[in-house]
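Observations on chain architecture
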Amino acid sequence: MRALREAHGLSLAALAERLPADKGHLSRLENGHRKPTDDLARRIDNVLGARGELIANAHLDVAAAQDARPWETADLLRRVRLSDATPATLESLQATITDLCCQYGWRDARQLRAEGQGWLRETVRLLRQPVGLREHRELLVCAGWLALLIGCVEYDLGMRASAEATRTAARQLGEEAGHNGIVGWAWEMAAWFALTQSRCSAALDAARAGQEAAGSSSVTVQLIAQEAKSLGRLGDLAGVRRALDRGRHLLDHLPAPDRPDDHFQVDPAKWSFYAMDAYRLAEDDVRAERYAAEVIEAGTAPDGVERSPMRVAEAQLTLAATAARAGDLEHAVHTGLTAFGADRRSLPSLLLIAGEVDAELHRRYPREPATAEFESALHVLRQTVIGSGSPVR
């Protein structure tokens, strides 16, 4: 809020006059001492042209406040790094970790986090045995992949402090093991975190730093995609196209992944998902709709079961946003409401895109019953997911 206000050249008094609102209350909001009501968050978002970002982040703050033990995973990872014992059954452990990474897109987030932490404890146990250099490095790599997975799930749950601590530990493990892929994914997570927190310049810096660290590997493709999304948020459509062309060229020259459902592998289906996001943010609606259709098709089985519920939900919200901008209010609201039924959600991404749709609807159709219907459903979703502290699935 402060960054956007200052970018618009507004003092707190000037912002208070435009809303209108109490200047002292706005100061307490900026300092994190108070939380805004839905109505005030929407008005601030509108005055500062935040396209729903402030609304989404206001609710994510509530989720983050529920993170009672933010350093739990980081403490496990610290024990891994300080251990000097040897591993056993490395091949079995590595296969298990790969299977867990393949479950990221559909499994209950809290269950996946708990199991990931359980295997992290097992990795600590193995490291406490006599160690050889090769085995020690391979166990550090196992811990690094587990940390990346747990950090992603923690962020999906709105546990921002835990997720950042886990991400940082994963990068340190990758650096200690000399594993550029893990280091690159840690930077990719930094870009994702920053982008969903409306820190576009920081997201761009992280995406570019990650590319430098990772070289020409699979994660570099996703880092380029995050660069494209950051440029889209900054309104640089030409930059978006250049980045996506560069990423697609690199992807086409990489071997096909053995497990395309692995969250830490990039395949053409995942590339369509990131291109969709970048073009929606840049308001290139024709391309955004085309890629959204590809994402929904790839993420839905022939029997109608959603194989990638998080991607499909965000594609549906993308179609809702483009429909709203095209003047099709009924289609925008229907498609947007459909996205709220996803069985597995990434809280920051879902609320951010839903906030974009909500802001678009209020800007274009402020008094329409359909707009109120979408707003009400989004409010219920936020209260169910955040206010009650119930699991995000």
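Small disclaimer: the values here were computed from a predicted structure and weren't measured.

The secondary structure content of the protein amounts to 20 helices and two strands. For the protein, the proportion of its 393 residues judged to be buried stands at 56%. As presented, the protein carries roughly 16,500 Å² of accessible surface, and 50% of it is formed by carbon and sulfur atoms.

Predicted confidence across the protein gives a mean pLDDT of 86, with 89% of residues reaching 70 or more. Contacts of residues 83-88 to residues separated by more than four positions or lying in other chains number 31 contacts, the stretch itself having pLDDT below 50. Confidence drops under a pLDDT of 50 for residues 387-393, and excluding neighbours within four residues, the segment shows 20 contacts in the predicted structure.

What follows deals with the packing of aromatic side chains. Tallied over the full model, the rule gives eight aromatic pairs. For the pair tryptophan 192 and phenylalanine 193, a centre-to-centre distance of 5.5 Å together with 50° between the ring planes defines the contact as tilted. The pair tryptophan 192 / phenylalanine 193 is uniform in exposure class, with both members buried. Site record: aromatic cluster; members linked through ring pairs are Trp145, Trp185 and Phe264.

Relative to each other, helix α15 (residues 268-281) and helix α16 (residues 285-298) sit at 150°, their axes nearing to 8 Å. Considering the angle they form, α15 stands roughly antiparallel to α16. Note that α15 runs across α16; the crossing there is left-handed. Residues Ala269, Ser272, Phe273, Ala275, Met276, Tyr279 and Arg280 of α15 form the contact with α16, whose own contacting residues are Arg287, Ala288, Tyr291, Ala292, Glu294, Val295 and Ala298. When its residues are assigned to classes, the contact of α15 with α16 shows 10 nonpolar, one polar and three charged.

The omega angle of the peptide bond from leucine 19 to proline 20 is -10°, so this bond is cis rather than trans. Following the sequence through the fold, proline 20 ends up in the loop between α2 (12-18) and α3 (23-30). In this structure, glutamate 283 takes a positive phi of about 60° despite not being glycine. When you line up the elements, glutamate 283 lands in the loop between α15 and α16. Residue classification places glutamate 283 among the partly exposed residues on the basis of a relative accessible area of 42%.

What follows is about α15. Here α15 contains 14 residues, and its C-alpha end-to-end distance of 20 Å stays within 8% of the 20 Å for a straight helix at 1.5 Å per residue. Extensive coverage of α15 is indicated by the burial of 12 of its 14 residues. Listed in full, the buried residues belonging to α15 are Lys270, Trp271, Ser272, Phe273, Tyr274, Ala275, Met276, Asp277, Ala278, Tyr279, Arg280 and Leu281. Contact partners of the buried residues in α15: α11 (180-196), α13 (218-233), α14 (237-252), α16, α17 (309-326) and α19 (347-364). By the N-cap criterion, in which a side-chain oxygen at the helix start approaches the backbone nitrogen of a residue two or three places on, α15 is capped by aspartate 267, the distance to lysine 270 being 3.0 Å. Phi for glutamate 283, located one or two positions after α15, is positive at around 60°.

Attention now moves to the packing of α17 against helix α18 (residues 329-339). Where α17 contacts α18, the axes come no closer than 8 Å and their chain directions differ by 165°. The orientation of α17 with respect to α18, classified from their angle, is roughly antiparallel. Along this stretch, α17 crosses α18, giving a crossing that reads as left-handed. Each of Ala313, Gln316, Leu317, Leu319, Ala320, Ala323 and Ala324 in α17 lies in contact with α18, whose residues at this interface are His331, Ala332, Thr335, Gly336, Thr338 and Ala339. The class makeup of the residues in the contact of α17 with α18 is eight nonpolar, five polar and no charged.

Next up on the list: the nonpolar core. For soluble globular proteins, the rule of thumb is that nonpolar side chains tend to be buried together. In this structure, Tyr104, Trp145, Leu148, Leu149, Leu244 and Phe264 are the most contacted members of the largest nonpolar core, which totals 68 residues. With 14 residues, helix α9 (residues 133-156) is the single largest residue contributor to this core. Among residues more than four places away in sequence, those in contact with tryptophan 145 are Ile97, His179, Gly181, Ile182, Trp185 and Phe264. Residues Ala56, Ala332, Phe374 and Leu378 belong to the second largest nonpolar core, which totals 25 residues.

Across all of its chains, the model carries 27 salt bridges by this definition. Salt-bridge contacts for arginine 2 lead to glutamate 30; the nearest nitrogen and oxygen are separated by 3.4 Å. Taken together, the residues arginine 2 in helix α1 (residues 2-7) and glutamate 30 in helix α3 connect sequence positions 28 residues apart. Between arginine 134 and glutamate 135 there is a salt bridge; the shortest N-O distance is 3.2 Å. Judged by relative accessible area, which is 52%, arginine 134 ranks as exposed. Here glutamate 135 falls in the partly exposed class, since its relative accessible area comes to 23%. Through salt bridges that share partners, Lys229, Arg233, Asp277, Arg280 and Glu356 make up one connected network.

Turning our eyes to something else, we now look at the environment of arginine 2. Given the relative accessible area of 35%, arginine 2 is considered partly exposed. A C-alpha to C-alpha distance of 8.9 Å links arginine 2 and asparagine 31, two positions 29 residues apart in sequence. Setting aside chain neighbours within four positions, we find arginine 2 in contact with Glu30 and Asn31. Looking at arginine 2, its side chain comes within polar contact range of the side chain of glutamate 30, at 3.4 Å.

What counts, and at which threshold
Residues numbered from 1 in each chain as written. Predicted model: local features only at pLDDT ≥ 70, side-chain atom pairs only at ≥ 80, totals over all residues. Heavy atoms only, no water. Helix = DSSP H or I, 4+ residues; strand = E, 2+ residues; numbered from the N terminus. Buried < 20%, exposed > 50% of the residue type's maximum accessible area, 1.4 Å probe, protein only. Areas by Shrake-Rupley, 256 points an atom, 1.4 Å probe, with all protein chains shown as cover. pLDDT = per-residue confidence, 0-100. Contact = heavy atoms within 4.5 Å. Phe/Tyr/Trp six-rings, centres within 6.5 Å; stacked < 30°, edge-to-face > 60°. Axes fitted to C-alpha atoms, helices over the stretch in contact; angles between N-to-C directions. Parallel < 35°, antiparallel > 145°, perpendicular 65-115°, else oblique. Left-handed = near helix turned anticlockwise from the far one by under 90°. Nonpolar A, V, L, I, M, F, W, Y, C, P; charged D, E, K, R; others polar. Expected span 1.5 Å × (residues − 1). Polar contact = N/O pair within 3.5 Å; in protein donor to acceptor, adjacent residues only side chain to side chain. Core = buried A, V, L, I, M, F, W, Y, C linked by side-chain atoms within 4.5 Å. Salt bridge = Lys/Arg side-chain N within 4 Å of Asp/Glu carboxyl O.

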